[in-house]
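Residue-level structural notes
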Amino acid sequence: MNLGIKSVDKQAIAGAFGKAASKYDSVAKLQQQTGEYLMELVQMESSGARVLDAGCGTGFFSARWKQQGKQVIALDLASGMLSHAQGQQAADYYLQGDIEHLGLADCSVDICFSNLAVQWCNDLPGALQEFYRVTRPGGLIVFSTLAQGSLCELEAAWQRVDDYQHVNQFLPLQAIAHACQPYRHKVMERQYCQHYPQLLPLLNSLKGIGATHLHHGRQRGLMTRKRLHALADAYPRHNGNYPLSYQIIFGVIYCDK
Ligand SMILES: C[S@@+](CC[C@H](N)C(=O)[O-])C[C@H]1O[C@@H](n2cnc3c(N)ncnc32)[C@H](O)[C@@H]1O
């Protein structure tokens with residue numbers, strides 16, 4: 001069983017996301033869809049006032065929570081993301097920090113909300129333990145994350161071009177469900193697919209959301225015109241478009257402590 005423990009370079013992740021901050025909201029359409037769904041999950045189950053937006057990015061959802069009258073702590077690893085959020089006055093408090101070692105007191109929030117951030121953590125069970133620790137009894141934790149099968153078209157196309165690993169490996173659903181096992185929880189899986197008329201905008205969309213950092217090893221080889229053509233030739237098409245699939249897992253954890 002893959003227990004959800006891997007080795008990530010946090011500085012590189014913070015750097016990649018920090019660089020993406022200014023353009024992030026214009027390309028992060030998937031994040032906006034999954035985040036809206038996560039918000040709906042909370043609204044069905046909790047009316048608490050203090051929200052932690054863990055891995056807040058530009059603060060897009062911190063601001064959505066604030067508009068709803070919540071008191072919001074925006075937390076992110078990337079200072080570039082956090083200063084963007086602060087510039088937008090997205091939250092009430094801003095905290096640069098790591099989800100895996102939250103600088104917050106036990107039981108200090110009612111709702112812990114984390115949209116598409118924990119896939120960048122080393123240890124998913126450890127990250128969920130931290131969420132559970134800082135959430136008060138009776139509170140709610142909701143998170144979304146990428147699972148195995150995400151970006152499968154891109155991975156398959158690269159495999160036809162060279163032998164390097166170009167695409168991050170994400171945890172299988174079973175490992176994510178296993179990490180939720182210690183708690184009363186619900187796990188849901190949804191597939192999203194985006195279609196691009198050309199390959200370059202597809203690759204730029206990944207770069208734009210800072211998702212090009214690899215968990216293991218470095219990006220291999222420069223993207224020359226020749227490699228781009230080879231990748232486009234190898235890429236599976238759907239009605240002339242380039243599809244890109246995401247397997248998204250949504251988790252709800254009830255703080256019964
Ligand atoms: C894909 S973005 C999602 C941003 C935001 N939640 C949204 O919905 O737009 C992932 C964010 O998680 C942050 N992140 C990654 N690993 C983190 C960690 N260990 N602790 C805190 N933030 C982290 C990144 O810096 C980035 O801003």
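All of these numbers come straight from a predicted model, not from anything done at the bench. (Residues numbered from 1 in each chain as written. Predicted model: local features only at pLDDT ≥ 70, side-chain atom pairs only at ≥ 80, totals over all residues. Heavy atoms only, no water.)

Overview of the sheet that holds strand S2 (residues 71-76)
The sheet built from seven strands is open, its strands ordered S3-S2-S1-S4-S5-S7-S6 with mixed pairing. What marks the edges here is a single partner per strand, and that holds for strand S3 (93-96) and strand S6 (184-196). The sheet shows a mean angle of 15° between the axes of neighbouring strands, taken without regard to direction. Pairing of S6 with strand S7 (residues 242-254), which is carried by 13 bridges, proceeds in the antiparallel orientation. Bridge assignment links His195 to a residue of S7, and that residue is Pro243. (Pairing = 2+ DSSP bridges. Helix = DSSP H or I, 4+ residues; strand = E, 2+ residues; numbered from the N terminus. Axes fitted to C-alpha atoms, helices over the stretch in contact; angles between N-to-C directions.)

Some details on the packing of helix H1 (residues 10-27) against helix H4 (residues 79-87)
Any two packed helices are characterised by how steeply their axes cross, that is the angle between the axes, and by the distance between the axes. Following both chains from N to C, one finds H1 and H4 inclined at 35°, their axes separated by 6 Å at the closest point. From H1, Phe17, Gly18, Ala21, Ser22, Tyr24 and Asp25 reach across to H4, where they touch Gly80, Met81 and His84. Looking at the contact of H1 with H4 residue by residue, the classes come out as four nonpolar, four polar and one charged. (Contact = heavy atoms within 4.5 Å. Nonpolar A, V, L, I, M, F, W, Y, C, P; charged D, E, K, R; others polar.)

Side note on the packing of helix H5 (residues 124-134) against helix H7 (residues 173-180)
Orientation of H5 relative to H7, taken along the N-to-C sense of each, is 35°, at an axis distance of 9 Å. Judged by the sense of rotation from one axis to the other, the crossing of H5 with H7 is right-handed. Touching Leu124, Pro125 and Leu128 of H5 are Ile176, Ala179 and Cys180, all from H7. Residue composition of the contact of H5 with H7, grouped by class: six nonpolar, no polar and no charged. (Left-handed = near helix turned anticlockwise from the far one by under 90°.)

Considering the packing of aromatic side chains
Here the structure, examined in full by the defined rule, presents seven aromatic pairs. Ring geometry for Trp65 and Phe113: centres 5.6 Å apart, planes at 80°, overall edge-to-face. With a gap of 48 residues between them, Trp65 in helix H3 (residues 60-67) and Phe113 in strand S4 (residues 109-115) connect regions that are remote in the sequence. When the centroid spacing of 5.5 Å and the interplanar angle of 65° are considered together, the rings of Tyr235 and Tyr242 count as edge-to-face. This pair shows no difference in class: Tyr235 is buried, exactly as Tyr242 is. Within the aromatic cluster, the residues linked to one another by ring pairs are Phe60, Phe61, Trp65 and Phe113. (Phe/Tyr/Trp six-rings, centres within 6.5 Å; stacked < 30°, edge-to-face > 60°. Buried < 20%, exposed > 50% of the residue type's maximum accessible area, 1.4 Å probe, protein only.)

Focus: the UniProt feature "domain: Methyltransferase type" (unreviewed entry) in the protein
Mapped onto this structure's residue numbering, the UniProt feature "domain: Methyltransferase type" (unreviewed entry) falls at residues 52-143. Taken end to end, residues 52-143 is 30% helix and 32% strand, and its first and last C-alpha atoms sit 11 Å apart. (UniProt positions renumbered as here; feature names shortened; annotations may be inferred.)

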